[in-house]
Structure formats: C-alpha cells, structure tokens
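Examination of the molecular architecture
Each chain is listed here by its residues.
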Amino acid sequence: MTETQKSATLSLNGETYELPIFSPTAGPDVLDIRKLYAQAGVFTYDPGFTSTASCDSTITYIDGGKGELLHRGYPIDQLASKSHYLEVCYLLLYGELPTAAQLEDFETRVTRHTMVHEQMHNFFRGFRRDAHPMATLVGVVGAMSAFYHDSLDVTDPWQREVAAVRLIAKLPTIAAMAYKYSIGQPFVYPKNDLDYAANFLHMCFSVPSEEYHVNPILSRAMDRIFILHADHEQNASTSTVRLASSSSANPFACIAAGIACLWGPAHGGANQACLEMLKEIGSVDRIPEFIARAKDKNDPFRLMGFGHRVYKNTDPRAKVLKQSADEVLELLGVEDNPLLQVAKELEQTALNDPYFIEKKLFPNVDFYSGIILEAMGFPTSMFTPIFALSRTVGWISQWKEMIADPQNKIGRPRQLYLGETMRDYTDIEKR
Ligand code: SDX
C-alpha cells in the first residue's frame with residue numbers, strides 16, 4: 001500500500017490527531033488508526049467489521065457496487081469459463097497464472113498427496129452414521145495435526161508449502177469419505193489418472209461392485225463450482241483462519257476453525273439452507289407467502305441465498321452459477337426441475353419488490369449452487385462440505401500471505417465494556 005501525504009484530522013477532547021491515509025490499488029482509502037489508542041486513549045467501535053480493514057492483501061478484490069470479483073486481478077467470470085480449479089489454486093497461492101511446466105508440476109504435487117494416512121480411517125468409525133458431514137470434516141481436518149508432524153512448523157516456509165498442498169489435495173478425499181461414511185458405503189481411494197473434480201466425483205459416487213465413468217458434463221460443472229467458491233477476500237471464515245493463525249497455531253487447526261465458521265447458515269451453510277427453503281416453498285404459488293415472511297421484522301425468516309455484506313448490485317458468482325444451472329440441468333435432461341423454476345420465479349419476484357430493492361438484496365453464491373449440486377446427485381448435507389473443500393485454497397492462500405507478512409502479530413481486538421464496575425464479593429448469607 002502507498003502511504004499518501006493525505007491524512008484525516010480527528011478532534012477529540014480539545015486535542016487534534018492526524019490519522020495517515022493509505023490508498024489501495026483498488027477500492028476505498030483506509031485510515032490508519034493503529035496508534036489511535038496510544039495517542040488518544042480511545043478505541044474505534046465496529047461490531048461485524050462493516051467499516052474495518054483487518055489487513056492488507058494482494059489476493060482477491062471485490063467491488064460490491066459493480067459486482068466485480070478479481071483473483072490476482074483476473075475477473076471471476078473469465079476464470080470460470082477459461083481456467084480450471086487447480087490452475088486457479090496456483091494463481092491464488094503464487095500470484096500469477098502458471099506456465100505449462102509450472103502447472104504440470106503443481107498438479108503432480110497435489111495428485112501425489114490425495115490419499116490420507118490409512119489410520120485416519122479409524123476416526124470416521126467414531127462418528128455416528130447420521131453425523132453431519134461438516135461435523136466430520138471439522139474433526140478429521142483438525143486431526144490432521146496428529147498425523148502430519150512434518151508440516152506443523154509455521155515458521156518453516158518448506159513446511160508451510162507442504163501443508164498447503166496436503167490440505168488442497170486431501171480435503172476432497174476427506175469430504176468424500178465423510179459422505180461415504182454417512183451412507184454406509186465403503187471409502188473409495190483417489191485415482192491419480194483423474195483430474196481434481198473427476199476424482200472427487202469418483203470418490204463420492206463410485207462403488208466397488210461396478211465400473212464408474214465420470215460424466216464430463218458433471219466434472220466440468222463440479223470444477224466450475226470449485227472455482228467460484230475458491231476465495232472471497234476477508235469473509236467470516238477467512239477472517240477466522242487469519243485470527244487463528246495469528247497465534248501461530250498449526251495450519252490444520254486453523255483450517256478446521258475456518259470450516260467450523262463456514263458451517264453457519266449465514267455463511268457457507270446458506271447453500272444447504274437455501275435448497276431446503278426452495279423445497280419448503282415447493283411451488284411458485286407459495287412464493288408471495290415467503291417473500292412476506294422475509295420482509296416481516298417480527299419473523300426471523302430470511303431468504304437464504306439472498307443478500308451480501310459486500311455485494312450491493314449483484315454477486316458475479318451467482319450469475320455464472322445461474323447459467324451453469326441451466327446448462328447442467330438441460331444436459332442432464334432435468335431442465336424442468338421444479339426447484340429451478342421456483343428459484344427463478346423467487347429471484348424475479350424479489351428483485352422487483354421494493355423491500356429487496358431498497359435493501360439492495362440480490363441472489364448470492366449460495367442461491368443456485370444447491371440446485372446444481374442436487375441435480376449432480378449430492379444430498380443437501382454435502383453442499384457446505386463442497387464449499388469448504390473449494391474454499392480451502394483461499395483460506396490457505398490468505399494464511400500464507402499473513403504468515404509471511406513482517407507486520408503479522410496476534411489479533412487481539414478490544415471492546416466497549418458495559419458491564420459492572422468494580423465491586424466487593426458478597427458472602428452468600430448476605431445475598
Ligand atoms: C456467503 O462475506 C462473504 O464474502 C461471504 C461469502 C463468501 O464467499 O465467503 O460470499 C459466502 O456467506 C454468502 C451469504 C450467504 N448467506 C445467506 O444467504 C443467508 C441470508 N443472507 C443474510 O443472512 C444476510 O444477507 C447476510 C448475512 C449475507 C449479510 O448480512 P449483513 O451484511 O450483516 O446485512 P444485514 O443482516 O445487516 O441486513 C441488512 C438488512 C436488514 O434489514 P434492516 O435490519 O436494515 O431492516 O437487509 C435485511 C436485514 O433484515 N436482509 C434480509 C436478507 N439479508 C439481509 N432480509 C431478508 N432476506 C435476506 N436474505
């Protein structure tokens with residue numbers, strides 16, 4: 001970032017303070033308040049961090065007004081149509097699109113790390129079969145800390161690199177194992193002759209008793225879903241990973257923390273909640289009832305898959321997913337899927353409703369993804385694990401960037417305290 005000559009002047013209690021202003025390569029200027037408490041004895045107050053830049057980063061840029069999403073400067077719609085997930089992983093991790101040789105080397109390294117330690121299979125046996133796959137994912141990914149001791153030292157760049165590749169390579173295997181365990185089918189080992197997306201479909205849907213041929217339409221759609229969920233600036237789960245990593249916790253524990261945060265229905269859990277909502281709506285004639293509930297201040301119901309903290313125009317990922325939903329369902333011969341019809345009618349109704357227009361609520365990444373995933377054969381419980389395995393590269397890229405930043409220090413916010421001031425202990429007989 002470039003420190004401009006500009007500064008903001010704060011007048012407080014008869015004193016004035018100069019707050020330096022930093023200008024980004026894109027987006028709003030930031031006020032540097034790092035010395036504010038030491039100089040003026042006050043905190044800033046920003047629950048939910050609606051006006052707070054927690055770090056500087058060169059990885060992903062979002063323009064919420066224009067509906068733009070760039071990964072290392074490349075627009076998401078171009079990456080979704082021209083690239084593939086492991087190439088986007090390379091871009092996020094190393095900052096540039098790879099040469100053919102670099103891509104081949106990276107894909108080989110990832111492919112060679114897709115198997116998990118055989119003893120990790122025992123972890124799954126400890127879960128109930130009806131455990132949510134996200135519960136299993138949090139547990140097993142955190143447990144990677146108990147197995148991969150040669151990639152725990154975050155001060156060693158080589159160990160950081162190995163941990164990054166291991167996590168990107170093994171998350172699909174672990175997510176597929178969680179799915180197989182939940183349906184009582186045997187685990188399926190990865191195959192090195194399949195690409196990343198095809199391998200995941202193979203590990204989820206093949207069974208030992210017959211040959212499984214990956215449908216290229218599905219693996220292309222799967223790869224595109226991975227790309228669209230790969231990274232998204234300082235969202236809640238990425239901020240969780242950064243905060244956990246600021247204590248120098250090992251990468252597997254930090255990614256497990258990110259998975260736990262993503263699970264929430266306000267965040268990555270919205271794709272599952274959205275499909276369940278579409279099923280509850282059931283038909284287009286019930287849409288007005290749910291729109292009314294979403295607008296009712298006394299009803300906690302929200303339209304899942306709608307709204308976004310940053311996007312106030314459109315979520316560019318939702319546009320690509322809507323196109324992909326049309327393509328995939330038509331190619332699968334289920335274009336008249338009632339859920340897709342309800343989703344499209346719901347979108348049109350909401351986008352023409354003054355409430356949604358005024359509050360700038362649009363479909364987000366979670367609105368159409370579930371329709372595609374269900375058409376591909378996944379149960380709703382696997383939607384957020386798929387989001388988590390896609391986002392692992394984003395979490396890891398942001399983690400690597402933070403660890404390598406010389407300014408990196410433990411995250412320790414303060415508070416606006418509204419509790420009791422000091423008082424003496426009262427013996428129980430006097431209470
Ligand atoms: C993801 O941050 C990221 O980048 C996240 C993500 C990523 O890639 O990492 O993009 C992934 O999490 C997408 C969002 C998935 N969540 C959902 O679809 C759940 C439904 N959406 C909402 O819960 C909500 O829109 C959030 C959580 C997404 C955003 O919440 P904000 O920014 O805190 O906004 P808000 O809750 O303050 O809402 C502003 C107003 C409120 O009304 P008022 O109090 O001002 O009167 O809009 C209303 C809200 O009631 N509102 C909605 C609504 N979302 C917001 N009303 C009805 N339905 C909705 N979906």
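Below or above, wherever it landed, is the structure these notes cover.

1. Some thoughts on the overall build of the chain
Helix and strand counts for the chain come out as 18 helices and six strands. Against the globule reference of 22 Å for 431 residues, the chain gives a C-alpha radius of gyration of 23 Å, in line with a compact fold. Once the C-alpha set of the chain is aligned to its principal axes, its extents read approximately 80 × 65 × 55 Å. Here the chain, with 431 residues, has 48% of them falling under the buried criterion. Considering only intrachain contacts with a sequence separation of at least 6, the fraction spanning at least 24 residues in the chain is 68%. Of the roughly 21,400 Å² of accessible surface on the chain, 53% is carried by carbon and sulfur atoms. Placing the 41 positive and 52 negative side-chain charges of the chain at their respective mean positions leaves the two points 3 Å apart.

2. Here's the deal with the sheet that holds strand S6 (residues 74-75)
Taking strand neighbours across the sheet as the criterion, the three strands line up as S4-S5-S6 in an open arrangement whose pairing is antiparallel. The sheet is open, and its two edges are formed by strand S4 (60-63) and S6, each paired on a single side. In this sheet, S6 lies alongside strand S5 (residues 68-71) in antiparallel orientation, the contact comprising two bridges. Following the sheet pairing, leucine 70 is matched in S6 by proline 75.

3. Considerations on helix H8 (residues 196-205)
The buried fraction of H8 amounts to nine of the 10 residues, a majority that puts the element mostly inside the structure. Taken together, the buried residues of H8 touch helix H3 (85-94), helix H4 (100-111), helix H7 (157-182), helix H9 (216-228) and helix H18 (383-403). Capping the start of H8 is the job of one residue whose side-chain oxygen sits 3.1 Å from the backbone nitrogen of alanine 197: aspartate 195.

4. Side note on the site of the ligand
For the ligand, the set of nearby residues contains 24 residues, the closest of which are His232, Leu303, His308, Arg317 and Arg391. Here histidine 308 contributes a side-chain N or O atom positioned 2.6 Å from an oxygen atom of the ligand. In isolation the ligand exposes 1,100 Å². Once the protein is present, 77% of that is buried. Residue classes in the shell around the ligand are distributed as 10 nonpolar, seven polar and seven charged.

5. Focus on the side chain of glutamate 161
Here glutamate 161 shows up in helix H7. At 3.0 Å, the side chain of glutamate 161 and the side chain of lysine 400 are in polar contact. Every residue in contact with glutamate 161, bar those within four places of it in the chain, is listed here: Tyr94, Arg109 and Lys400.

6. With respect to the nonpolar core
In terms of nonpolar packing, the biggest core is built from 112 residues, with Val141, Phe200, Met222, Leu278, Leu303 and Phe378 touching the most fellow members. If you tally residues by element for this core, the top one is H7, at 14 residues. Discounting chain neighbours no more than four positions away, the residues touching leucine 303 are Met277, Ile291, Ala294, Leu346, Ala350 and Phe356. Judged by nonpolar contacts, the second largest core, of six residues, contains Ala8, Tyr17, Leu19 and Leu36.

7. Some words on helix H15 (residues 338-351)
Along its 14 residues, H15 runs 20 Å from first to last C-alpha, staying within 8% of the 20 Å computed at 1.5 Å per residue. Turning to H15, its buried residues number three or more, namely Leu339, Leu340, Val342, Ala343, Leu346, Glu347 and Ala350. For H15, the angular spread of buried residues about the axis comes to 160 degrees, placing them on one side.

8. Brief notes about the packing of helix H6 (residues 133-143) against H7
Remark: H6 packs on H7, axes separated minimally by 9 Å, with the N-to-C direction vectors making an angle of 140 degrees. As far as their axial angle goes, H7 and H6 are oblique. Relative to H7, the crossing made by H6 is right-handed. Here H6 contributes Pro133, Thr136, Leu137, Val140 and Val141 to the contact with H7, which in turn contributes Leu167, Leu171, Ile174, Ala175 and Ala178. Its residues assigned to classes, the contact of H6 with H7 shows nine nonpolar, one polar and no charged.

9. Focus on the environment of valine 214
Along the chain, valine 214 turns up in the loop between H8 and H9. Aside from chain neighbours lying at most four places away, what touches valine 214 is Ala198, Leu201, His202 and Ser219.

10. Thoughts on the pairing of strand S2 (residues 15-23)
In the sheet, S2 pairs with strand S3 (residues 30-31) via two bridges, with the strands oriented antiparallel. Paired with phenylalanine 22 across the two strands is valine 30, which belongs to S3. The antiparallel hairpin formed by S2 and S3 contains six residues in its connecting segment, where glycine 27 sits at a positive phi of about 100 degrees.

11. Quick look at the packing of aromatic side chains
This model, assessed by the stated rule, comprises 21 aromatic pairs. Geometrically, the ring pair formed by phenylalanine 147 and tyrosine 148 is tilted, given 6.5 Å between the ring centres and 45 degrees between the ring planes. Of the residues examined, tyrosine 148 reaches a relative accessible area of 8% and is grouped as buried. Within the aromatic cluster, the residues linked to one another by ring pairs are Tyr85, Tyr179, Tyr196, Phe200, Phe205, Phe226 and Phe378. A cation over an aromatic ring shows up here: arginine 129 above the ring of tyrosine 181, its NZ or CZ 4.1 Å from the ring centre.

Criteria and thresholds
- Residues numbered from 1 in each chain as written.
- Predicted model: local features only at pLDDT ≥ 70, side-chain atom pairs only at ≥ 80, totals over all residues.
- Heavy atoms only, no water.
- Helix = DSSP H or I, 4+ residues; strand = E, 2+ residues; numbered from the N terminus.
- Rg over C-alpha atoms; globule rule 2.2 N^0.38 Å.
- Buried < 20%, exposed > 50% of the residue type's maximum accessible area, 1.4 Å probe, protein only.
- Contact = heavy atoms within 4.5 Å.
- Areas by Shrake-Rupley, 256 points an atom, 1.4 Å probe, with all protein chains shown as cover.
- Lys, Arg positive; Asp, Glu negative; His and termini not counted.
- Charge placed at Lys NZ, Arg CZ, Asp CG, Glu CD.
- Pairing = 2+ DSSP bridges.
- Polar contact = N/O pair within 3.5 Å; in protein donor to acceptor, adjacent residues only side chain to side chain.
- Near = heavy atom within 4 Å.
- Nonpolar A, V, L, I, M, F, W, Y, C, P; charged D, E, K, R; others polar.
- Core = buried A, V, L, I, M, F, W, Y, C linked by side-chain atoms within 4.5 Å.
- Expected span 1.5 Å × (residues − 1).
- Arc of directions from axis to C-beta.
- Axes fitted to C-alpha atoms, helices over the stretch in contact; angles between N-to-C directions.
- Parallel < 35°, antiparallel > 145°, perpendicular 65-115°, else oblique.
- Left-handed = near helix turned anticlockwise from the far one by under 90°.
- Phe/Tyr/Trp six-rings, centres within 6.5 Å; stacked < 30°, edge-to-face > 60°.
- Lys NZ or Arg CZ within 6 Å of the ring centre and 35° of its normal.

Shape is all these values report; function is a separate question.
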